[in-house]
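# Survey of secondary and tertiary structure
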Amino acid sequence: MNRRAFLAAAPLIFAALPAAAKTVLKVGAIYVGSVHDYGYNQAMHDGLLAMKQAIPGVVLLEAENVPETAEATRVMEGMIQQGAKLIFATSFGHQQFAFDLAKQHPDVFFEHAGGWMMAPNFGNFFGATQAAWYPMGIAAGKMTKTNTLGFVAGVPIGFVIGNIDAFAMGARSVNPKAQVRVVVTGGWSDKAKEAAAANALIDQGADVVTMHVDSPATVIQTAEKRGVYSIGFQSLAARRLAPKGWITGLGFTWGPFMTATARSVIAGTFKPGFVREGLGQMMAIAPFGPAVPPATRALVMAAAAKVEKGFNPFTGPLTDNTGTLRLKAGETLGGDKMGDLDWYVDGVIGKPK
Amino acid sequence: MSMNFALAVLASSIQSGTSLLYGTLGELVGERAGIVNLGLEGTMLIGAAVGVAAASAADDPYAGVAAAALAGTAANLLLGYVVIGRRANQLAAGLTLLLFGFGASALIGGPFVGAVVPSLPDLDVPGIGGFDALIWLAVPAAILLWCLIFRTRWGLAVRATGEDPAAAFAAGHRPDRLQYQALALGGALGGIGGAHLSLALALSWSEGMTAGRGFIAIALVIFARWNPLWAVPSALVFGGAEALQLQLQATGVDVSPFLMTMIPYLLTLLVLVLWGFNRRSAAPAALGRGFLGVE
Amino acid sequence: MQLDPHPHPNPNPNRTSPTKWERSRRASAEGEGRALRLALAAHGAPETAAHGTPKTAAHRTPEGNTHGTPQAAAQNTPKNAPHGTPETAARANSNTRPPASKPPSPAAPRRPLPPGVRHVLIGLASLAIFAVLLLAAGKDPLRAYADTLVYVFGNVYGFSELFVGMTPLLLTAVAVALPARLGLINVGGEGQLYMGAWLATAGALGFPTLPAWLLLPLMTVLGFAGGAIWAALPGVLRAARLVNETISTLLLNYIAPLIVSFFIFGPWRSSESASYPESPAFVPAARLPTLGGTRINAGLLFGLAALALYSVLMRRTRWGLEMRAIGGNAEASRRLGIPVARHMITAMAVAGGLAGMAGMAEVSAIQGRLVAGLSPGYGFMGFLVAWLAGGSAAGILVMAFLFSVISSVGDILQITQSVPYAVVNLLMAVILFIVLGQRPAGRR
């Protein structure tokens, strides 16, 4: 295309740009991975789609594969330039960048997933995952025959350790002989390592494998290939991957929260909060797989109901796996302290790094 | 228990190391002809993506492997054209192939992210174990490549090209044609290496999934002294480092994954330094045509 | 994190005549070569008579430069053959064998276009290819151009981001171009950047109470030192003729991010956010200031200063002259008393230091802490920038800017048209392939 033609066409190009349609709100979202990962990002995306459906006139701007580096700032700024007034920064590592941008754009609202920073136009949300892992542990404890459960962890941060601990506690509540082995891959999404980690756990005798990484797909498929059970995490859609070995799983249901947030922005009533909701609100239990007997299902659902009512497995007296007393009788560990957690309960093999 | 552990690590190393081995063999063939492909990572990525796409389309993992081999060949031939036909700087061309590979593979694999793909089934050999076809073929491939390079006329001509293109030419060979052929073969092997990652290990596609294995393979070629037979234990060692630290974790031993992952690289560097003292280089003399300097 | 999928001079060592060491090495390799020739002869291929030292011919620069020994010069005859093909050499060497039916490349050079015209053509070709790629992806190229004008060039923030993106590239490009003058190839920019960031972080975390006017220079020096040490090692190994620097710098690229990860998962794990592996946030005194509401930071000044110094050094100082001499003919330089080894190590160290400063700027100005995925491939991008620029300072400036533009365009299009960033990588690769295909090898 030569330059003269381009210049002649320029006015036409600008005219062709869509005039602002009846847009009620432009919402931007950045994801650290792909929205088709059967995992974390897909769950966020599904929530945003639900929000878009619930509120006519919402335009959704999305960017996938936005790394947790300064690149994120550029992408979010681009969305703001496009008129976005509400930005969802869906990965933990986006926090600082979103926070800095929030300072520069007091008229734009930000919601960050999984962090703690707050500002008048910056809020935080996440699922209170730890307690929700307890019923998962029950399912695993009941289904295992080797009494070895495997957990593939991406990054050994407090929240993940909390998930592992709750899982172990749930398992041991129905099966005192159950043990949990943990392998850390060092990143949220390294598929080959996840496969190798799952294999290592299965080699060590695990016959139920679960995970906390961005996408459960690889671990579940590896487990299915080797004929062991799997429990999913992040997205309810993962069940499709393991037709035989699927026990159950946890998924995030962000839709209601995101819809409510969008509505508050539209109405001008946005209030930043540190929102942590668990089962029944931001989280749900996936349907059970074919191998799970009805008695187990009932146990799991009963435990889930307890959790919904506020049951916290981190209630003292609680000792860690080296015998040190960590929680005194009557003491509980709340979600606000979960980030600092750095010990494993009895039944988990190893030391958190 | 410790025998079990050793076997588990071995099995794991074999699985991790196979894609490395194919990548190494692929790079090795090209380098024997005198061409460095710094963009091997790109070739492997293209192989991985095309493998997934083709396997899904044909609902057959072996079709995926075949397609991956062809795609890898195409990628390498692209490099070949730029480097041989247009005389470009090999390193720059290689890095460009790397970029190209990232981009092309992301576009090809895009629709398949997270999708379930037909994966390579394990083929059981009683007494040894169940590994997929590519793993079983890996060592035979290395042996075959060794025979090809060291026991055939073609291999001789290729080596001559890598040592001294002028002499090869004078002796009646066409160095450029040989280099193209070597690159084509190397590309196929690299593509297969990528396909093993996506169709056998990770069982899916995700962007950039080779995670540096292409570069590791380049180091492995040196570590293996440009000899396909030595490439086998080399790939095992590197694959093993990753496998070992994961298996150790599973047993409850506390080991820093980062320090363990560093070891193979340090080892390679150390070995290179020691060989440097030896003064006799195993590298093809005209490797990189002066761009690798005095190695 | 792995080599990020979004990342978004001709260091052609003018190798000429062999040094003493190279001759001894060649002798041993020649032994193998001789064995091969014998084997070839055994297989019936005619052996040429006056072969001399064909390796000299093969290794001589494609420009057929005249700095070589008389031996090389004699074999250099057709001088107007810019490609130094083995065919040419064979033709020069032997009369027993006529050239094969068709030399694989043209012996006579195409008349090169004037640089300005060439650059414009490349630019237009890029636009066209971009349009094609977008159409293939089902997007609208005209809208893409419009978006680019509006959001990248048409607004202050977008425009400022171009300079932000350019900053690390300037430094990593000089980190490649400088050693290239001596004939050294530094592909270790990534690792040097990480080590610079690491050491600068050590400073920031170790001296949080210092005032900014002390802390920032300290961190700058540390950033330089970190990268310098990381590059000096390959420099020493190369100067001692133990290991080729291309390989050693490549290997070290792997180890550096692992060291960084080890620290942020371990000793430097932030306790305030024990929930995520990263270093504690830097105190404000450790943050490089930014310009207005943009993210343009002092790193840009580092980059520009590095470019200016590079340009001046190479052309106006004795050091630069000596380095170019080494690049031209290391053996002759050695004989003239130029301390080749010392210059090699110094050049590598300085180069690494510059890349290290890029790392320092990243952690200090942009990130505010040490994180795992610091560099989306700045080191490799710098290599390409330096190569495209032919090693000239002005060229580096232009190319770094161009790369930054392409990167920004990719971001914008991802948002406005859901164009996957992969298209940008593809675009960059296609442009580069075209340029590579254009440029006759050996042109600086």
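Residues numbered from 1 in each chain as written. Chains lettered and ligands numbered in written order. Predicted model: local features only at pLDDT ≥ 70, side-chain atom pairs only at ≥ 80, totals over all residues.

Note that Ala-197 of chain A resides in helix H7 (residues 191-203). You can call Ala-197 of chain A buried: it has 34 C-beta atoms within 10 Å. Between the alpha carbons of Ala-197 of chain A and Thr-185 of chain A there is a distance of 7.0 Å; along the sequence they are twelve residues apart. Those residues in contact with Ala-197 of chain A that lie beyond four places of it in its chain are Val-152, Val-183 and Thr-185 of chain A together with Leu-246 of chain B. (Helix = DSSP H or I, 4+ residues; strand = E, 2+ residues; numbered from the N terminus. Buried ≥ 20, exposed ≤ 12 C-beta atoms within 10 Å, placed from the backbone. Contact = placed C-beta atoms within 7 Å.)

Bringing the sheet that holds strand S3 (residues 86-89) of chain A into the picture now. Residue and element names in this part refer to chain A. An order of S2-S1-S3-S4-S5-S11 is seen for the six strands of this open sheet, with the pairing classed as parallel. Edge positions in the sheet fall to strand S2 (58-63) and strand S11 (274-277), since each of these pairs with one other strand and no more. Geometrically, the sheet is characterised by an average inter-axis angle of 20° between neighbouring strands, direction not taken into account. Inspection of the sheet shows strand S4 (residues 109-113) paired to strand S5 (residues 122-127) by four bridges, in the parallel sense. Within the sheet, the bridge partner assigned to Glu-111 lies in S5 and is Gly-123. (Pairing = 2+ DSSP bridges. Axes fitted to C-alpha atoms, helices over the stretch in contact; angles between N-to-C directions.)

On to the packing of helix H15 (residues 378-389) of chain C against helix H16 (residues 393-417) of chain C. Residues and elements named next belong to chain C. As a packed pair, H15 and H16 sit with axes 8 Å apart at the nearest point and diverge in direction by 130°. On the basis of the axis angle, H15 is oblique to H16. You can see that H15 and H16 cross each other, and the crossing is right-handed. Of the residues in H16, those in contact with Met-381, Val-385, Ala-386, Leu-388 and Ala-389 of H15 are Gly-395, Ile-396, Met-399, Ala-400 and Phe-403. By residue class, the composition of the contact of H15 with H16 is nine nonpolar, one polar and no charged. (Parallel < 35°, antiparallel > 145°, perpendicular 65-115°, else oblique. Left-handed = near helix turned anticlockwise from the far one by under 90°. Nonpolar A, V, L, I, M, F, W, Y, C, P; charged D, E, K, R; others polar.)

Right, let's get into the confidence of the model for chain C. Residues and elements named next belong to chain C. Residues with a pLDDT of 70 or more make up 70% of chain C, whose mean pLDDT is 73. Note on residues 1-22: pLDDT is under 50 here. Beyond four places in sequence and across chains, it has 89 contacts. The low-confidence segment residues 37-108, where pLDDT is below 50, has 124 contacts with residues more than four positions distant or belonging to other chains. Interface scoring of the predicted complex returns ipTM 0.85; its pTM is 0.76. (pLDDT = per-residue confidence, 0-100.)

With that settled, consider unusual backbone geometry. Note the cis peptide between Gly-316 of chain A and Pro-317 of chain A, where omega equals 0°. With respect to the helices and strands, Pro-317 of chain A occurs in the loop between helix H10 (294-308) and strand S13 (318-319). Phi at Asn-147 of chain A is positive, roughly 60°, even though this residue is not glycine. Structurally, the position occupied by Asn-147 of chain A is in the loop between helix H5 (129-143) and strand S6 (148-153). Among the residues examined, Asn-147 of chain A registers 16 C-beta atoms within 10 Å and is labelled partly exposed. With a phi close to 60°, Leu-203 of chain B is a non-glycine residue in the positive phi region. Relative to the helices and strands, Leu-203 of chain B resides in the loop between helix H8 (175-201) and helix H9 (213-223). The class of Leu-203 of chain B is buried, set by 27 C-beta atoms lying within 10 Å.

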